[in-house]
Amino acid sequence: MFKKLILPLALLLASAATAFADDVDWKVYASYHNPTKCVALAGRIYVLANGDLYSYDPEDQSIETYDKATVLSDFGIYDIQLSSNTNELVLLYGNGNIDLLSADGTVHNISELKSKTLPDKTLNDVLADGSTLYISTNSGLVELDLQQRIFRSLYNFGYAVKSVCLVDSSIVAATNGGIFQGKLSDNLLDAANWEKIGSATGFTRILQQGDQLYGLTNQFYKITSVSPFRISQVSADRVASFFQNGDYTYYTTTAGDFKSLDAEGTVATVDSPFPISHMVKGSGTYWAACGTNGLVGMTLTDDGGFTVKVSDVTPNSPVRNSFYSLNMAGTRLLAAGGNFFYPNIDCTGTVMKYEGGRWLTFDEEGPAAAVQANAYTNAISIVQDPGDTEHHWVGMRSSGVFEFKDYKYASHYDSDNSVLSSILPASASYYKYVWVSALAFDSQRNLWMCNNQCDTIVCIRK
């Protein structure tokens, strides 16, 4: 007989958590793959990857990771910036929290923005100028004094601020209401002291290269005059990502080309072995955040291109910060990383195991090739064959069941080749709606499956 034990169980878990939380040492298994930004500080290269932070010492090849269980105050880092005046790394979290990380590993937390009540704390861009940090948010422009570790001001003139730069003792701000300029000598807390100098609302970044200003939508524009505000197109390239380094702005096009832009507006194609999201020079090497190719050390060739010197410096860790269900098979942890409850949020098919202190990611190319790539999403259940430790089955919230042998793709089952059903059988995208939310083997090695939201919700593969 089944009994309703939900409330007592919840109370038991709550009391148990309260009883032992202070006596347990927690370890965070964060993902340090897919780096997007890197900063050099005190001989180490600090890397932002999947919203997490690690550092690498080129001299001794040591890697150090940072998380809330060790030194940081929060999760989900939005951006990292170097504060050269205070010799610290500024960590900005998506919720407005800020950590100042010193080279010796100590952290000073500034939580005023996190705790402040604002309509929308979405962070859009960050500009470091000496000991002042300008944070562009949907609720206005936040000014932070890194030397005194205090917030100076919140400039709110009625629009979401996308990005700012400093020009001739003035702040130039790109907003969703146009381009505004405010003189630093004026009281900029008064919205009347902000002058609208341009009607363009599509700029996501305002940046400076030498003495020249540029604006970015999905293309680069040279700002030929600030007041009155005038622009001219730099090139027809569609920009996927960009970063600034030394005398150049580098950007990757949507076509996959890597190019440079100098202060004069000259565009040149740059040879690079990998797509580069960000780059910094340290210890005589150019260190590049290369997405799925990890942190890569490069040298500059005579023709101005880059070649690999050190490849893929990535801490062993989960490939992504996406976990939906966990399953223990002996001392082996199996993880399915997706989601079941949130529509229109599709996580790349992520299946992992943790064993002997090492993370391993199951084959992703094979399953993605077996179905349309955008259908291999949201792994929500995983089970290991009790008769074969290298044989696994994975249930998806979108595309049925995948079979893996030795962590490589073996087979795929959906409504076309099994008794599994689609929740939208008449749809042209029926193959995306074969939902299998749970898997389990019985003592006879029969595989049981929950086929969600269908007439027959329980299936078995004997």
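Residues numbered from 1 in each chain as written. Predicted model: local features only at pLDDT ≥ 70, side-chain atom pairs only at ≥ 80, totals over all residues. Heavy atoms only, no water.

Visitor: Looking at this structure, how should I read the overall build of the protein chain?
Guide: From N to C terminus, the protein chain includes three helices and 39 strands. Here the C-alpha coordinates of the protein chain stretch approximately 80 × 55 × 50 Å along the principal axes. Across the 462 residues of the protein chain, 48% fall into the buried class. Long-range pairs, those at least 24 residues apart, make up 41% of the contacts in the protein chain with a sequence separation of at least 6. Carbon together with sulfur atoms contributes 50% to the accessible area of the protein chain, which is approximately 22,400 Å² in total. Distance from the positive charge centre (32 side chains) to the negative charge centre (48 side chains) of the protein chain: 6 Å. (Helix = DSSP H or I, 4+ residues; strand = E, 2+ residues; numbered from the N terminus. Buried < 20%, exposed > 50% of the residue type's maximum accessible area, 1.4 Å probe, protein only. Contact = heavy atoms within 4.5 Å. Areas by Shrake-Rupley, 256 points an atom, 1.4 Å probe, with all protein chains shown as cover. Lys, Arg positive; Asp, Glu negative; His and termini not counted. Charge placed at Lys NZ, Arg CZ, Asp CG, Glu CD.)

Visitor: For this particular structure, what's the right way to read the nonpolar core?
Guide: Generally speaking, nonpolar side chains in soluble globular proteins are found buried as a group. Counting 15 residues, the largest nonpolar core has V351, Y376, I382 and V394 as the members making the most contacts within it. With 14 residues, the next largest nonpolar core counts L113, L123, V126 and I135 among its residues. (Core = buried A, V, L, I, M, F, W, Y, C linked by side-chain atoms within 4.5 Å.)

Visitor: Please clarify how the sheet that holds strand β35 (residues 401–405) should be interpreted in this entry.
Guide: Neighbouring strands of a sheet are bound in pairs by backbone hydrogen bonds; such pairs are parallel or else antiparallel. Strand order across the open sheet formed by four strands is β33-β34-β35-β36, with antiparallel pairing between neighbours. Single-partner strands in this sheet number two, and they are β33 (379–384) and β36 (408–413). With strand direction ignored, the average angle separating the axes of adjacent strands in the sheet is 25 degrees. Looking at chain direction, strand β34 (residues 391–396) and β35 are connected through five bridges and run antiparallel. Within β35, the residue paired with V394 across the bridge is F402. (Pairing = 2+ DSSP bridges. Axes fitted to C-alpha atoms, helices over the stretch in contact; angles between N-to-C directions.)

Visitor: Would you mind going over the pairing of strand β15 (residues 178–183) with me for this structure?
Guide: Side-chain positions along a regular strand alternate between the two faces of the sheet. The buried fraction of β15 is high, at five of six residues. Pairing analysis gives six bridges linking strand β14 (residues 170–175) to β15, with the strands arranged antiparallel. Its bridge partner lying in β15, A173 is registered against F180. Linking β14 back to β15 in an antiparallel pair, the connection comprises two residues.

Visitor: Any chance you could explain the confidence of the model for the protein chain here in plain terms?
Guide: Low pLDDT marks regions whose predicted coordinates should not be analysed in detail. Per-residue confidence for the protein chain averages 91 on the pLDDT scale, and 95% of its residues sit at or above 70. In this model residues 1–16 is a low-confidence stretch, pLDDT under 50, and it forms zero contacts with partners more than four residues away in sequence or in other chains. (pLDDT = per-residue confidence, 0-100.)

Visitor: How should the environment of C450 be read in this particular structure?
Guide: Take C450: it is sitting in strand β38 (residues 447–451). C450 sits in the partly exposed class, given a relative accessible area of 31%. Measuring from C-alpha to C-alpha, the distance between C450 and N85 comes to 58 Å, with 365 residues separating the pair along the chain. The contact partners of C450, leaving out residues within four places of it in the chain, are W435, V436, S437, A438 and I457.

Visitor: Got a minute to help me understand the packing of aromatic side chains in this structure?
Guide: Where two aromatic rings form a pair, the distance of their centres and the angle of their planes describe that pair. Enumeration according to the criterion identifies 30 aromatic pairs in this entry. Their ring planes at 80 degrees and their centres at 5.9 Å tell us that Y32 and Y54 sit as a pair that is edge-to-face. You can see Y32 sitting in the loop between α1 (6–20) and β1 (35–41) and its partner Y54 sitting in strand β3 (residues 52–57), a full 22 residues away along the chain. With respect to burial, Y32 and Y54 carry one shared label: buried. For the ring pair Y324 and F341, a centre distance of 6.4 Å and an interplane angle of 50 degrees mean the geometry is tilted. Of this pair, Y324 sits in the loop between β28 (306–313) and β29 (325–329) while F341 sits in the loop between β30 (332–337) and β31 (350–355), placing them 17 residues apart in sequence. According to the relative accessible area criterion, Y324 is partly exposed, its value standing at 32%. (Phe/Tyr/Trp six-rings, centres within 6.5 Å; stacked < 30°, edge-to-face > 60°.)

Visitor: Mind showing me how you'd approach the pattern of salt bridges here?
Guide: Any two side chains of opposite charge can pair, given that their charged atoms come close. Scanning all chains against the criterion turns up 15 salt bridges. Among the salt bridges present, the one from D125 reaches R205, with a minimum N-O distance of 3.5 Å. Placement of the pair is D125 in strand β9 (residues 123–129) and R205 in strand β17 (residues 205–209), with a sequence separation of 80 residues. For D125, a relative accessible area of 13% corresponds to the buried category. Taking the relative accessible area as the measure of exposure, R205 reaches 23% and is therefore partly exposed. Residues R152 and E143 are paired through a salt bridge, measuring 2.7 Å at the closest nitrogen-oxygen approach. (Salt bridge = Lys/Arg side-chain N within 4 Å of Asp/Glu carboxyl O.)

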